[in-house]
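Each chain, letter by letter, is given below.
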Amino acid sequence: ARVARIERLRFADDVPMALETSSLPENILHQPEQVSTSLYQVLRSLGRAPSRAIQRVTAVNLTTKEAGMEETYSNGAAYADLDRDGRLDLIVNNINQKASILRNVSPGSKHWIGVDLKSDRATMGSKVSVYAEGSVLQKSQANARGFQSSSTPIVHFGLGDKTKIDSIVVEWVGRSPKVYKNLNADQYHIIQEKEGANAKATLPQAVAMADLEVSLFNYQHTENTYFDYENEGLMPERLSIEGPAVVYEDFNSDGLKDLYIGGGKNQIPGYYLQQTDGSWKYQEVKAFINDAIHEDVDAAAIDFDKDGDLDLYVMSGGNDNPEGDIQMLDRLYLSNGKGDFIRFQAGLPNSNSGSISVADFNNDGYPDMYLGSRSIPKGYGLSPYSALLKNTQEFNFELIERKRLGMVTDSEFADLNGDGWLDLIVVGDWMPVTVWMNQGDGTFKDETTSLGLDKTEGFWNCITTTDLDGDGQLDLLVGNAGLNMKWQASEQRPITLFLDDYDENQQVDPIIFYWMQDRQVPFASKDKITGQLPGLKKTFTNYKSFTQAKDIAGLTGKKDVLETKQVRELRSMAYLNKGVAGFVGVPLPDIAQRSSIQDIAVDPESPGQIW
């Protein structure tokens, strides 16, 4: 049998390894661009996706047995340097078969070091930092690697071309960090906790941090128990646990900023007055206690009555009550300037709110508001109404614009074009970074497309503005879902949401398709989809037939749907303001893509400091 032996390949995370297999089709020897796709059947049990950067493929004539491999059904893998040559080998768990051992035979031209931690107590979870020729490599000791799989506890580092180890610092679990020196590369080292020196005096200057004082704050946010998926089985995330709201402003006019922390449903908000010694004093407010039934999802300070002290607007939300329910009603609290509040009775929005921004956008000296809505409960994916409100200077607001922008998560007023009028930036799920430009006459115009932002649909969580490149124009910093997730998206391969009432039961059904290899597949499993749409059980009588559904028409039989939305960008981004040329997107560093970014703070005194 003519087979291919893959002697060395590189994974998507850029870590090389070797693999020998006899299960590849012969035609890939003549079509190397298909190697990555063909390897999926062999590698999917390893839990890692290969890139297309195959380094060497050679053809040999071997039988399957001679190649040392056989087809297996695998459910877990672990790694260890079994032959102690500095290259990690793989051990694959197979169901009803012997385990497979994949020896790493990649060329040994690069350098490495292995660390075996020893202590009089458990070491698992200890953090190891290797300082080598100006670089810092960090890993935590962990051996859990999937179902019934345990990898070697030895912490292994690839050093590339570096040959000199300056020092190794171990942050032992529950104990002080220790530093270790005089360790050679290309060796395994047993490191005893008791033999290390105090690391505080010897930490390299390159990783020295600014002095920070961290203390526990006596408040804990509590969410009510509600399982979104029981009512909306096809939604990809829970929308009932997105609080709490936080406002940091001077509410009692003593020159010290105070803290309001919105409560979950049936939780009294935390309201704390800052003391002259830096401590915090809890302040009981009757109006807050009476309104504990509401869930506070966002809030902002606003001098609504123009009396010189800050009032408080609190947005209600949650996914467990319908739009229009009294528990979804926003609230406005008027301050007496001494730290106490009373509720101002007014007809305010009552939806699942998402974001509030307060600013004087018409330059009349009175604060105006943008109120962005998050979602329609029991209707994931549909866009609720958001509102732009102008202060009438008569203890009221006038509706300027009411529009279904999207599932709004954050917003900010900022003068993007330097004309002296505040513009509005809005972000959210399944929507682009949206910019409304202030026309200077009390109206706004959507300039998202003209600014080059129309194809930036993402799962955006937050937006802030700052001048990143020092050109005098405000740029955008936007937090997204990040790249550490099942989905991947691009302009050519977007994630697509198809919205319709497929079973005609008066409830929208959100069906998501995403790209896997060279085709689109449903995000929800057969069981999930047929649980929401029981009629499809007759169409898909088994799992194999379900795998043939390549688009929404093939899945539901319906080609034209109520609404379609897409996500093309999952990276957290900086959009640089180029004036009339619009915005140019620059991804944030790789470390910022490892998880979702929920909020961004820029130090006003040092704009280069971003948290």
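Residues numbered from 1 in each chain as written. Predicted model: local features only at pLDDT ≥ 70, side-chain atom pairs only at ≥ 80, totals over all residues. Heavy atoms only, no water.

## Re the overall build of the protein chain
- Counting its secondary structure elements, the protein chain contains 6 helices and 39 strands.
- Of all 611 residues assigned to the protein chain, the portion counted as buried reaches 47%.
- Intrachain contacts of the protein chain at a sequence separation of at least 6 include 53% that bridge at least 24 residues.
- For the protein chain, the accessible area works out to roughly 31000 Å², and carbon and sulfur atoms hold 48% of it. (Helix = DSSP H or I, 4+ residues; strand = E, 2+ residues; numbered from the N terminus. Buried < 20%, exposed > 50% of the residue type's maximum accessible area, 1.4 Å probe, protein only. Contact = heavy atoms within 4.5 Å. Areas by Shrake-Rupley, 256 points an atom, 1.4 Å probe, with all protein chains shown as cover.)

## Details of a nonpolar patch on the surface
- On the surface, Phe-217, Tyr-248 and Trp-280 cluster together into a nonpolar patch covering about 280 Å² of accessible area.
- By secondary structure assignment, the location of Trp-280 is in strand S18 (residues 280-282). (Patch = residues over 30% accessible without salt bridge, like charges linked within 9 Å, V, L, I, M, F, W, Y side chains within 5 Å. Salt bridge = Lys/Arg side-chain N within 4 Å of Asp/Glu carboxyl O.)

## Focus: the pairing of strand S24 (residues 368-375)
- Across the 8 residues of S24, 8 count as buried, placing the element largely inside the fold.
- Pairing between strand S23 (residues 352-359) and S24: 7 bridges, direction antiparallel. Bridge pairing in S24 places Val-358 opposite Met-369.
- With 3 bridges connecting them, S24 and strand S25 (residues 386-391) associate as antiparallel partners. Pairing of Met-369 across the sheet is with Leu-389, part of S25. (Pairing = 2+ DSSP bridges.)

## What to know about the confidence of the model for the protein chain
- Overall, the prediction assigns the protein chain a mean pLDDT of 84, with 84% of residues at 70 or greater.
- Note that residues 200-210 has pLDDT below 50 and, in this model, 6 contacts with residues that lie over four places away or in other chains. (pLDDT = per-residue confidence, 0-100.)

## Notes on the environment of Asp-309
- As for its placement among the helices and strands, Asp-309 is situated in the loop between strand S19 (296-302) and strand S20 (311-316).
- When its relative accessible area of 9% is taken as the criterion, Asp-309 is described as buried.
- It is 9.0 Å that separates the C-alpha atoms of Asp-309 and Leu-334, two residues lying 25 residues apart in sequence.
- Leaving out residues up to four positions away in the same chain, Asp-309 has contacts with Ser-253, Asp-303, Ser-335, Asn-336 and Gly-337.

## Digging into the sheet that holds strand S34 (residues 495-500)
- On the basis of which strands lie adjacent, the open sheet formed by 4 strands has the order S36-S35-S34-S37 and antiparallel pairing. Two strands close off the open sheet at either side, each with one partner strand: strand S36 (519-522) and strand S37 (563-567). Sheet twist, expressed as the mean angle between neighbouring strand axes with direction ignored, is 25°.
- Note: S34 against strand S35 (residues 509-516), 5 bridges, orientation antiparallel. Note that in S35 the partner of Asp-500 across the bridge is Asp-509. (Axes fitted to C-alpha atoms, helices over the stretch in contact; angles between N-to-C directions.)

## Remarks on the sheet that holds strand S26 (residues 397-403)
- Here 4 strands make up an open sheet; going across it, the order is S23-S24-S25-S26 and the pairing antiparallel. The two strands at the open ends of the sheet, each matched to only one other strand, are S23 and S26. The sheet shows a mean angle of 20° between the axes of neighbouring strands, taken without regard to direction.

## Examining the environment of Ala-299
- Along the chain, Ala-299 turns up in strand S19.
- We classify Ala-299 as buried; its relative accessible area is 8%.
- Sequence separation between Ala-299 and Leu-332 is 33 residues; the distance between their C-alpha atoms is 9.7 Å.
- Those residues within four positions of Ala-299 in sequence are excluded, and the remaining contacts are Ala-245, Val-247, Tyr-260, Leu-312, Tyr-313, Val-314 and Ile-356.

## Examining the packing of aromatic side chains
- This model, assessed by the stated rule, comprises 25 aromatic pairs.
- With a centroid separation of 5.8 Å and 90° between ring planes, the pair formed by Tyr-271 and Phe-288 is classed as edge-to-face. Placement of Tyr-271 in strand S17 (residues 270-274) and of Phe-288 in helix H3 (residues 286-290) is noted, with a sequence separation of 17 residues between them.
- On the accessibility criterion, Phe-288 (3% relative accessible area) is buried.
- Ring geometry for Phe-304 versus Phe-395: centroids 6.2 Å apart, planes at 65°, classification edge-to-face. Taken together, the positions of Phe-304 in the loop between S19 and S20 and Phe-395 in the loop between S25 and S26 put the pair 91 residues apart, joining distant regions of the chain.
- The buried category is assigned to Phe-304, whose relative accessible area is 4%.
- Of the residues examined, Phe-395 reaches a relative accessible area of 51% and is grouped as exposed.
- Taken together, Phe-217, Tyr-219, Tyr-248, Tyr-272, Trp-280 and Tyr-282 form an aromatic cluster joined through their ring pairs.
- For the cation-ring pair, Arg-84 lies above Tyr-188, with the distance from its terminal atom to the ring centre recorded as 4.1 Å.
- Lying over the aromatic face of Tyr-385, Arg-402 brings its terminal NZ or CZ to 3.7 Å of the ring centre. (Phe/Tyr/Trp six-rings, centres within 6.5 Å; stacked < 30°, edge-to-face > 60°. Lys NZ or Arg CZ within 6 Å of the ring centre and 35° of its normal.)

## A closer look at the side chain of Asp-509
- Within the secondary structure, Asp-509 is located in strand S35.
- Although Asp-509 lies buried, it forms no salt bridge, and the closest oppositely charged side chain, Lys-558, sits 8.4 Å away as judged by the N-O distance.
- Polar contacts involving the side chain of Asp-509 include one to the side chain of Gln-532, which spans 3.1 Å.
- Discounting residues that sit within four places of it in the chain, Asp-509 has contacts with Leu-234, Phe-498, Leu-499, Asp-500, Asp-501, Tyr-502, Asp-503, Gln-532 and Leu-533. (Lys, Arg positive; Asp, Glu negative; His and termini not counted. Polar contact = N/O pair within 3.5 Å; in protein donor to acceptor, adjacent residues only side chain to side chain.)

## Here we look at the pattern of salt bridges
- Scanning the entire structure with this criterion turns up 18 salt bridges.
- A salt bridge links Lys-110 to Asp-161; the shortest N-O distance between them is 3.0 Å. With Lys-110 in the loop between strand S6 (100-102) and strand S7 (111-118) and Asp-161 in the loop between strand S10 (155-160) and strand S11 (167-171), this pair connects stretches of sequence that are 51 residues apart.
- The class for Lys-110 is partly exposed, based on a relative accessible area of 45%.
- Two residues, Glu-398 and Lys-390, come together in a salt bridge whose shortest N-O distance is 3.6 Å.
- Given the relative accessible area of 23%, Lys-390 is considered partly exposed.
- Through salt bridges that share partners, Glu-237, Glu-242, Arg-374 and Asp-429 make up one connected network.

## Description of the environment of Gly-160
- One can find Gly-160 in strand S10.
- What makes Gly-160 partly exposed here is its relative accessible area of 27%.
- In sequence terms Gly-160 and His-111 are 49 residues apart; their C-alpha atoms lie 5.4 Å from each other.
- The residues touching Gly-160, leaving out its near neighbours within four places in the chain, are Lys-110 and His-111.

## Focus: unusual backbone geometry
- The phi dihedral of Gln-393 is positive, around 70°, even though this residue is not glycine.
- Structurally, the position occupied by Gln-393 is in the loop between S25 and S26.
- By relative accessible area, Gln-393 is classed as partly exposed at 41%.
- Phi at Phe-395 is positive, roughly 60°, even though this residue is not glycine.

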